Structure formats: structure tokens, C-alpha cells
Amino acid sequence: MRRAAIAGVGMTESVAAHRQTYSRAELCAAATHAALEHAGASAGSIEAVVIGQIDGLEPTSVGGRHIAQQLGIGPVPVFVVSCGGATGASLPLVANHLIASGDYESVLCVGPPTFDGVIDFQRTLNAVYAAFDPPLAMGAVHYGAVMVANYQLRYGLDDEDIAQVVVKAHHHAAANPYAHLRNPVSVADVLATPMVATPLRVGTVCPVSSSAAALLLTTTAQARELRNPVVQVSAIESMADSGKPGGRRDFSALDNLALLARRVYSKAGIADPLSDLDVIEMFSPYAPFELMQYEALGLCAPGEGASFLRTGATMAGGGLPVNPSGGPLCGNAGVAAELAPFGYVALQLMGQAASFQVADARRGAAHSMGSNWFMCQAFGVLDLDNGTAE
Amino acid sequence: MTERPVLVGIGTVGPDAFDDRAIDEATFAATRAALHDAGVSKSDVDISIVASIDVFDGQSMSNGITTPAAAGWLTGEYRVEADSGIALVAGAAAIASNSAEVAVVVGVHWPASVGDALQFATDASSVSFEPAVERALGLSAVSALGLHAARQIVTGSTTRDEMAVAAARDARKRGASVDPADILAADTVAWPLTRAMVSVADAGVVAVVLASPMRARMLRCPRVRLLGQGVGTGGSSMNDEWFHDPAASTRRAAEAAYRRASIATPSTSIAAVEMTAPSIALLEPLRTALMIEGLPEERWNPGRGALGGAAGAASGLARVADAVRWLDEHGETGSRAVAHAADYPTGPFASSATVHVLERI
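Quick caveat: nothing in here was measured; it's all calculated off a predicted structure. (Residues numbered from 1 in each chain as written. Chains lettered and ligands numbered in written order. Predicted model: local features only at pLDDT ≥ 70, side-chain atom pairs only at ≥ 80, totals over all residues. Heavy atoms only, no water.)

Asks: What is the right way to look at the overall build of chain B in this model?
Replies: Looking only at helices and strands, chain B features 15 helices and 12 strands. Since a compact globule built from 361 residues should have a radius of gyration of about 21 Å, the 19 Å found for chain B is in line with a globular shape. With the C-alpha coordinates of chain B rotated into their principal frame, the extents come out at 55 × 45 × 40 Å. Across the 361 residues in chain B, those meeting the buried criterion constitute 62%. Of all intrachain contacts in chain B linking residues separated by at least 6 positions in sequence, the fraction that spans at least 24 positions is 77%. Carbon and sulfur atoms provide 50% of the accessible area of chain B, an area that totals close to 12200 Å². Where the 29 positive side-chain charges of chain B centre and where its 41 negative ones centre are 6 Å apart. (Helix = DSSP H or I, 4+ residues; strand = E, 2+ residues; numbered from the N terminus. Rg over C-alpha atoms; globule rule 2.2 N^0.38 Å. Buried < 20%, exposed > 50% of the residue type's maximum accessible area, 1.4 Å probe, protein only. Contact = heavy atoms within 4.5 Å. Areas by Shrake-Rupley, 256 points an atom, 1.4 Å probe, with all protein chains shown as cover. Lys, Arg positive; Asp, Glu negative; His and termini not counted. Charge placed at Lys NZ, Arg CZ, Asp CG, Glu CD.)

So this is what it looks like as C-alpha cells:
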């Protein structure tokens, strides 16, 4: 069976959205040409573009199709994907289908910045979420707070445990030139920040950032002709639950991610993720989500996320580094930040990590999630080419 | 793509007058009908792909409500913001890549407004132009289509009277009793186009079920094979293709579809065409772009005419459903039809066109 491979990665530096001086199209063009240069590929080799957008969150509508026109790669077919916070990780999913089908050889994934131009982002989110839930002035951070509060209540997590995730993220991001927040922080620093929605504080939620990301996916055969070590897409899937509070039995667990991970692991031949994976980049916009994700991914038992973090296993230099880029806690530009985990893992497997290089990394996982009550999940496993695939 | 996916079920709500169902109710109704038509259940579905354009439905992040209704609950899923013809290409790729055995593809156009549909679409379109031109110019799909139509007249490609004759002929295909004078007497929306010369999208949801060839053989009613598909995206403000050659995206899509279907001479291989034109001035350029010369007039849009039956992002699948119906009623095993659609949220700017070659089984 034909497999897609990541041949090139391009990202722009992440900055505060309100301080961005480049247009969204300029940022996407910069990321695109960085990915092409990284791969050693020409713009003319691209046969299709898969680009993300989140209408409603963005200050424009149908922006993706117009940005795609301004990348400087000619009139190629454009697939615009939009599924909330899972959009970014869904881009390589679509590209993988197009390439593995045999109809396309080379597909560019583009993650634009989502929040540029928004003045009061929380107010925007509140209005957006009112479209599918009663207008209770709830936004993503409130949904997240409900889930995290349940998790805290059930497992006795304290605020210091949450802050430790942030300390780790900033430590990692300090070495990442693409990250938005690169300042080291302490637990005390994090706990001193204002409360947003209990138990989430300013210091434990993602910043509103601006950047762009691009990945060049090709057939494995074509990737072998290009510049970098070949990173294959071994398995990638998406999944949604009902998106309704009544459809969840337990808010203290990301059951939808757990179910998806089991499917992806099965396809990728992963029996024990803790020993089979070398690096993970997760979309964890709120610090406690990372702990819940450890559990959903089978890295530790339910309720043991905080103690697992304290072992140091997920730190750079640990047994299974998680978010060595710093993750979305140190830069969340929307679709760009949802696609970035695949770029960061690909760079790790190529031996060209943006931040801390995981020694001898050969297999990694990447993810993003979103929409109401974080109902949509997309997750994939990448492998360094072993020379056997088509 | 070696083994082409098979279309095994269709379900529709509309396209016709607005009804009072919510967007997820209409999505569920169409999806349920398609699953029933195919003879499969929700648990058979491996992936669900929804196509809709939020601003035209008065929604935001609508996947939150349409995906579960489109059999996308606990299955693979994603949404595209484009015409459903694009989603059909993506669904076929999911199957051809061996990632899925059964895929549901749903096109949704369910505007929140129950007032003047053209005015609502024009307002939404005007907002959608901002990322194209980086500022609010007051452009809309209709005004851009008017610019193109005016150019057709100025360059001598056609006349306003000829447009009226073509629009009346197209309207008669869907049973309307109008003559060219009626077309010209309608309100002008963007000179030289009158309201009767542009398509107005009705609300509609169309769902189809695709299956791998192996899985299709186990189902009760495999309908057509997706022999070849192509996608083309039109130029934007970066060049003048939208103005001088807005049918170019359709031409690129057709070339790709025929190549994948191994069709060298479409004129002798295609028995009928269902296509979408957003304005009567684009009808002939789009027909030419499809490269099917010599097809009798009654085989062009035998369903509802090129301006009729439009359903926003659901149009692509609506045309596929019309083409399948024609093959069911008039074709025989091996007969082929073409379904074409494009989305026009910003008129001919960056419009994505799809061409699907369907072969009756």
C-alpha cells in the first residue's frame, strides 16, 4: 500500500496576535516556501493544497481559499478543511488520503494563523459557541474549566500539579525559536497569575498567538529523492463524539481521545505506547489537559497524570518527552498550532529538532483537538522510514 | 487510484423551499435516507465528511452539530468548507487509500435566513471577499458575475438578448413557462444580469454513501462507479483569470477527471451532463470547458437546468444525484455521465470546481 511521507517542514516565529505585522497570506507564503526549501522541492511539484480555516473564529470568512491563491504555487486544487481545533491535525489526514489513493503525488498542508485581527478573542469565542449551545456566555476556556475541575475533584489534583505542566512547557519553549512564550517560569509565577475560569489561570491557558505552519507531504518514493530523512505517516485518524454534555459519562477523562488512540495504535502496530514511542507533541491548550492526555494515550493509569509528570519521563531528556517544543501553552496560533505538532515530530525524527532533540528518535505521535466540548480529535503516528514502504 | 469507489446510496432533503427543520435535523434526515438506500447502518460507516460553508448558513464551527448528525459520531470525520463535490473527491480518496470501506459524504446548505435568499447570500459573499482583496470593497458574488457578463457583451462574445434566450431555455428544462422577455423584465441584480439570469441557492442537504468495490458487491444496490474525478481551483485577485477565463478551473478539473477515467475523447464517451452555472453568461464557457462537443441539448442538464437545483455547498452532490437518476432511468451498464459543480461564495474568485465521471454498474 502506498504511504505518504513528510518531506519538508516550514514554520514562522510565533508572536502575539495583536503585534503581528505580516498578513496571514504573507505568513502562509513564508511557511510554504520554508517547507519547500527544507525539502529541496520546487513549488511546481505541488499538486494540491490542503489548508485549514475556522470560520467564525477568524475575522474573515472563507479565508483559506484566498490565502491558498497567494502562496505563489499556481492554480492547484485546494481542499479547505474546517473542524474547530482538530482542523490542523486533520490536514495531514486529508493529504494522506489523497496521496495514498494514488491520485496525487505531492500535497502541501498549510496551517494559517486563526486569531489575527481579533480584538477581544474571548468575546468572539463566546459568540461562536453560542451558535451550537445555549447562549450561556461560555467559550472554550469555560468548557475546559468544567472538564479540569471534574478531573481535579475526582483525583485530588492541586493547583501546583497544574503549574508544573506550565513550568515544563516554558522550559522546553525556551529552546524553540518558533515559540511565542520563551521565558522560564516557576510554580509561584504561574499561581500568581489571575484566575480566568476556576481552576484555569492566565498562566495555565495558551496565549493568543500568530504564526503559520506548512508541511510538504509526498509519496514515500518521492520523499526519498528529496533532501531529508523520510518520515512516514504510519497511521492517522480523526474522531468526534456527540459534542454534547449529555453524551459524556465522565468529564474527568478524554474518552474520545482514548478510543481514537487505540485505533491509531492498532494500525501503527503499537502495543505499548510508553516504550514504542520516542516523542509526542500534543495539542494541550490548557495545562491540565496534558495530564488527561497522558492517561488517554495509555502512558499512565487514570488519575496518575500528575505523578507521571513528576517522574520526569515527559521532560526533555526523559523516557518519552511530551511537547519538547513547548506546545500550545507557549504559542497557539489556531490552525497553525494544530498542524505544528506534526511538523515538530517530523523534525525530531529527521534529527533536526526545533528545540531539544530527542536522542535516536524513530517513532513519534502528534495530535490536535477542539470544537465544542473538545469533541473532535485527530491523532497520528509518524515513523522514520525503514525502507520497506512504497 | 486503481479500484474506483462505488456510490451505493443517496438521500436528499430539498433542494427546495426552506422548511423549519434545524440544520442538524436536515443533515440527519438526508444521512439516514442515504444509509437506508445503501442498506448499511451507522456502525458500518468508517468516515463521514461534511461539506458546508458556515457564513452562508449563518453558523460558526457547525461541524459541532452537523458531524454527529452525518453519521460522524465515533467514526473518522472531518468537514470541508467548500462545495460537496470536493468532499466527494475526499471521500473517494479515503476509500481508495484503504483507509475506509464505507464513507458517508454530506453536502449541507441550510441558511439561517428565511427572507430574501439572494440578498442573504450577497451579504455573506460581500463579507467573504475581504480576505481576497484585503479590504471591504463592496464586491459580492453577483457583482463579480455581473462584471464577467458585461465583459462577455463588450467583447462581442454574446449579447444580452442571447443571454435571455439561453436563460429562458434553461428555465423551461425545470418546467418554468417563461420567454426571453420575461427574463429581461426581471429585476436587474448586476447589469447585464437580471435575477432570472443567476442561480439562487435553495436550502438543501444531500448525502451519499460510498463503498469500496469489494464492500459494494455485498450491498443491495451498487449504483455507479466513480470512474474519474478532478478538482480545479480558480484564480483570485492575484491574477485576472476570474475575469478573462473563469471557466479555467472547470477545464482543469475536467482534464484531471478524464485522465483518471482513461477517457481520451469525452465527446464519444459521455451520455449526459449535469452541471452548475452561477450565471447564464458562464453557461457556454463552462460547457466548452467540459469538452463534450456534439452532445444533444436534451442531454445537457436534463434534470433541473444549469441555473436550477443549486443548493450552495450541497450543489455538487445534488448534481451527482441528478446524474445518477438519469443513468438509472436512461442508461445501461457501462453508460457514463458527468456531474459538474463549483462553489461561488465569491463568484468566480477562487471558485473550486469538480468534475465526476460516473459509470453505471
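Asks: Looking at this model, I keep getting lost on unusual backbone geometry. Mind explaining?
Replies: Most of the time, phi is negative for any residue but glycine, and the peptide bond is trans. That bond from A:Thr198 to A:Pro199 is cis: its omega, 5 degrees, falls within 30 degrees of zero. Relative to the helices and strands, A:Pro199 is located in the loop between β6 (195-197) and β7 (200-201). The backbone of B:Ser262 shows a phi angle near 55 degrees, a positive value even though the residue is not glycine. Residue placement: B:Ser262 occurs in the loop between α12 (248-260) and α13 (266-269). What makes B:Ser262 exposed here is its relative accessible area of 68%. Of note in this structure, B:Ala350 is not a glycine but carries a positive phi near 50 degrees.

Asks: Quick question: what am I supposed to make of the interface of chain A and chain B here?
Replies: Interfaces are often described in size by the accessible area the parts lose on coming together. On the side of chain B, 53 residues touch chain A, which itself brings 52 residues to the contact. Between chain A and chain B, a total of about 4300 Å² is buried, with carbon and sulfur atoms accounting for 56% of that surface. Across the chain A-chain B interface, the total number found is 3 salt bridges. One salt bridge in this structure joins A:Asp103 and B:Arg260, with 3.7 Å as the shortest N-O distance. Where chain A touches chain B, the interface holds 14 residue pairs in polar contact (both at pLDDT 80 or more). When contributions to the side of chain A that touches chain B are tallied by element, the ones reaching two or more residues are α2 (63-69), β4 (78-81), α3 (87-100), α4 (121-129), β10 (231-240), α9 (255-268) and β13 (376-384) of chain A. (Buried area = accessible area lost by both parts, 1.4 Å probe. Salt bridge = Lys/Arg side-chain N within 4 Å of Asp/Glu carboxyl O. Polar contact = N/O pair within 3.5 Å; in protein donor to acceptor, adjacent residues only side chain to side chain.)

Asks: Looking at this structure, how should I read the pattern of salt bridges?
Replies: Opposite charge on two side chains makes pairing possible when the charged atoms of those side chains draw close. Residues and elements named next belong to chain B. The full count for this structure, using the stated rule, is 30 salt bridges over all chains. With a shortest N-O distance of 3.1 Å, Arg79 and Asp54 are connected by a salt bridge. Here Arg79, found in strand β3 (residues 76-80), pairs with Asp54, found in helix α2 (residues 54-57); they are 25 residues apart in sequence, far enough to count as distant. Grouping residues by exposure puts Arg79 and Asp54 together as buried. The network of salt bridges with common partners includes Glu274, Arg304, Arg319, Asp322 and Arg325.

Asks: What's the story with α3(A) in this structure? I'm lost.
Replies: Residues that lie three or four places apart on an α-helix share one face, since the helix turns once every 3.6 residues. Look at α3(A): 20 Å from first C-alpha to last across 14 residues, which is about the 20 Å you get at 1.5 Å a residue. Looking one or two residues beyond α3(A), the residue adopting positive phi is A:Gly102, at roughly 95 degrees. (Expected span 1.5 Å × (residues − 1).)

Asks: Is there a simple way to think about the pairing of β13(A) in this case?
Replies: Each regular strand displays side chains that alternate between the two surfaces of the sheet. Residue and element names in this part refer to chain A. Here β13 lies mainly inside the structure; 9 of its 9 residues are buried. Burial along β13 is two-sided: the residues Cys376, Ala378, Gly380, Leu382 and Leu384 and Gln377, Phe379, Val381 and Asp383 are all buried. The pairing of β10 with β13 spans 9 bridges and is classified as antiparallel. Following the sheet pairing, Ala235 is matched in β13 by Val381. With 8 bridges connecting them, strand β12 (residues 363-370) and β13 associate as antiparallel partners. When the bridges of β13 are listed, His367 appears paired with Phe379. As consecutive antiparallel partners, β12 and β13 are separated by 5 residues, and within that stretch Ser371 has a phi angle of approximately 70 degrees, a positive value. (Pairing = 2+ DSSP bridges.)

Asks: Please explain the packing of α3(A) against helix α13 (residues 335-350) of chain A as it appears in this structure.
Replies: Between two packed helices, both the angle of their axes relative to each other and the distance between the axes serve to describe the pair. Residues and elements named next belong to chain A. Running from N to C, α3 and α13 cross one another at 50 degrees; their axes reach a closest spacing of 6 Å. Relative to α13, the element α3 is oriented oblique. Contact residues: Thr87, Gly88, Ala89, Leu91 and Pro92 in α3; Val335, Glu338, Leu339 and Phe342 in α13. Its residues placed into classes, the contact of α3 with α13 shows 6 nonpolar, 2 polar and 1 charged. (Axes fitted to C-alpha atoms, helices over the stretch in contact; angles between N-to-C directions. Parallel < 35°, antiparallel > 145°, perpendicular 65-115°, else oblique. Nonpolar A, V, L, I, M, F, W, Y, C, P; charged D, E, K, R; others polar.)

Read these as geometric descriptors, not functional statements.
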